[in-house]
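If you want the building blocks of each chain, they are given just below.
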Amino acid sequence: MPKIPPQENGRNMNMESKGDGNGVDSITPNEPNHIILSGKPPKEWFNKKCGQDPMLLNEDDCGNFTLVKKLLSNYTSESWKCQTLSCLCPYFHGTIDTSETKICILPSGKALTKAIRKEYRMLTDEERKKFHDALKKLMKNGIYDEISAIHLNISRDDSYHNGNKFWNWHTGYLKRLEIELRKIDPDVALPYWDSTLDENLPVSSDSIIWTDDFMGRSDENGIVISGPAAYWTSLNGQMLRRRPVLWGPLVQEGTIKYLLDETQLYKPRNANPKFNCSYQIKELYEQHGTIHHYVGGDLQDLPTATNDPAFFLHHCFVDLIFELWRQQKDPSCHVSIIIDDYIDETFEYAPRPTCSYENPDCGSKYLFCDPSDTGIPSCITKISPGGLCSGIRNSHQACLDGYCNGVICVSN
Ligand SMILES: [Cu+2]
């Protein structure tokens, strides 16, 4: 049995579905160009208060969501349910080579291989360009919107973001985008954004991840003006936005260690300490929410979160942590969504970037190794020009294409 169950029917407010009949794979608007998804407001997320945070966007009357863009209904794939490359093969118009076991030969003559999900900054420039190019194509051909609308649709059902269903649903959801990216370019895999790499900067928003060559910059109004989603108009007909200055806590390495520590003891008040899986999972869920809040704009608001490609990079990281946790889980820990024999052969995660005194190379020109305050070396993202570099021990390595003049990164 696959870990990822078939999706349940989302509530199709003023929408009718077609395709595979599961109600969410393909959504056809009743009116081609303007749909109001009305009804119950989406669940209040991250303790937001309607109307109190100017960066909570796109909700009209605190609950109604306006879907302005026309959906092309050109996404009907079931391929995300595949757990083997041979299952994926027909979706890539490949043929199974019978002389060698189960190898899928693509029309290009190359073999279809597992997607290797690397940290975004561990991609080579060529790999990152391929990812961005494939992403832009999906934005142009309407598939990105179709996939985004699936999340919009389920966002109106609390159960997808509350409780155990959250994990396996989002695992499958990431595969939807990844497989479509790979149909455009089979060399591509979904990268993950390890936000702990940004956390140790003096100002985390100085990370190169928010520069033109990566996820892009936003202007003073929060509109994303560079990167693969520059001036991207999403489902609601508005341009993609993030906080003009990203703000708030990110995930700390110590938190990840704490979450992955099998011997972590949860000590409820007036009770004996005990290992508690559901508590651990809830903690990871809460941590994941802080990143949505940090980026703000579309990503902060549940119905619009997937408008931002950063959603997929962030969730890919959360999925990695969950996967590590799942592999290391306490066998006596019973969480209904975890199935012992679950193996997905279509993708795997490359290790998170690490370094040590013996090997201070993080494996990317976009990362550097720093002992930080703890004395334990860890990889940190490089800082974009103009960013703050004070207080970093290895500050001579911290600035991308420049140097630290003591306080600020200046270009060479
Ligand atoms: Cu979600």
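Note that this is a predicted model, so its numbers are computed, not measured.

Draft legend 1. Representation of the overall build of the protein. Scanning the protein from N- to C-terminus turns up nine helices and 13 strands. Counting only residues that meet the buried cut, the protein has 43% of its 412 residues in that class. For the protein, restricting intrachain contacts to residue pairs at least 6 apart in sequence, the fraction spanning at least 24 positions comes to 61%.

Draft legend 2. Seen up close, the UniProt feature "domain: Tyrosinase copper-binding" (unreviewed entry) in the protein. Mapped onto the present numbering, the UniProt feature "domain: Tyrosinase copper-binding" (unreviewed entry) falls at residues 308-319. From the first C-alpha to the last, residues 308-319 spans 17 Å; its make-up is 83% helix and 0% strand.

Draft legend 3. Quick look at the pairing of strand E11 (residues 378-381). Residues Ser378 and Ile380 of E11 are buried on one face, and the alternating residues Cys379 and Thr381, pointing to the opposite face, are buried as well. One ladder, built from four bridges, connects strand E10 (residues 367-370) with E11; its direction is antiparallel. Among the inter-strand pairings, Phe368 is bridged to a residue of E11, identified as Ile380.

Draft legend 4. The environment of Asp145, seen in detail. With respect to the secondary-structure elements, Asp145 resides in helix H3 (residues 143-154). Given 25 C-beta atoms within a 10 Å radius, Asp145 is considered buried. In this structure the C-alpha to C-alpha distance between Asp145 and Ser73, which are 72 residues apart in sequence, comes to 9.5 Å. Dropping the residues within four chain positions of it, Asp145 is found in contact with Lys69, Leu71 and Leu235.

Draft legend 5. Representation of the nonpolar core within the structure. Counting 77 residues, the largest nonpolar core has Leu190, Leu313, Cys316, Phe317, Ile321, Ile383 and Ala398 as the members making the most contacts within it. At the level of secondary structure, the elements contributing two or more residues to this core comprise helix H2 (125-141), H3, helix H4 (165-184), helix H7 (277-295), helix H8 (310-327), E10 and E11. Among the elements that take part in this core, H8 stands out by supplying eleven residues, more than any other. Not counting the four nearest positions on each side in its chain, Cys316 is found in contact with Arg117, Leu174, Leu190, Pro191 and Tyr192.

Draft legend 6. Geometry of the packing of H2 against H4. Two elements in contact, H2 and H4, have axes whose closest approach is 9 Å; the angle formed by their N-to-C orientations is 105°. What the angle tells us is that H2 and H4 run roughly perpendicular. In this structure, H2 contributes Ala134, Leu135, Lys137 and Leu138 to the contact, and H4 contributes Glu180, Leu181 and Ile184. Split by residue class, the contact of H2 with H4 holds five nonpolar, no polar and two charged.

Draft legend 7. Representation of unusual backbone geometry in the model. Phi angles above zero are rare outside glycine, and Ser73 is one such case at about 50°. Structurally, the position occupied by Ser73 is in the loop between strand E5 (64-67) and helix H1 (85-88). Using a count of 17 C-beta atoms within 10 Å as the deciding quantity, one classes Ser73 as partly exposed. Look at Asp401: it is not a glycine, yet its phi comes out positive at around 50°. Following the sequence through the fold, Asp401 ends up in the loop between helix H9 (395-398) and strand E12 (402-404).

Draft legend 8. Seen up close, the packing of H3 against H4. Packing of H3 against H4 leaves a shortest axis separation of 11 Å and a crossing angle of 175°. The angle between H3 and H4 places the two elements in the roughly antiparallel class. Only Tyr173, Arg176, Leu177 and Glu180 of H4 make contact with H3, whose side of the interface consists of Ile143, Ile147 and His151. Partitioned by chemical class, the residues of the contact of H3 with H4 number four nonpolar, one polar and two charged.

Draft legend 9. Focus on the environment of Ser226. Looking at the secondary structure, you find Ser226 in the loop between helix H5 (196-199) and helix H6 (253-260). C-alpha separation for the pair Ser226 and Thr211, spaced 15 residues apart in sequence, amounts to 7.4 Å. Apart from the residues within four sequence positions on either side, Ser226 is in contact with Asp212, Gly216 and Arg217.

Criteria and cut-off values
Residues numbered from 1 in each chain as written. Predicted model: local features only at pLDDT ≥ 70, side-chain atom pairs only at ≥ 80, totals over all residues. Helix = DSSP H or I, 4+ residues; strand = E, 2+ residues; numbered from the N terminus. Buried ≥ 20, exposed ≤ 12 C-beta atoms within 10 Å, placed from the backbone. Contact = placed C-beta atoms within 7 Å. UniProt positions renumbered as here; feature names shortened; annotations may be inferred. Pairing = 2+ DSSP bridges. Core = buried A, V, L, I, M, F, W, Y, C linked by C-beta atoms within 7 Å. Axes fitted to C-alpha atoms, helices over the stretch in contact; angles between N-to-C directions. Parallel < 35°, antiparallel > 145°, perpendicular 65-115°, else oblique. Nonpolar A, V, L, I, M, F, W, Y, C, P; charged D, E, K, R; others polar.

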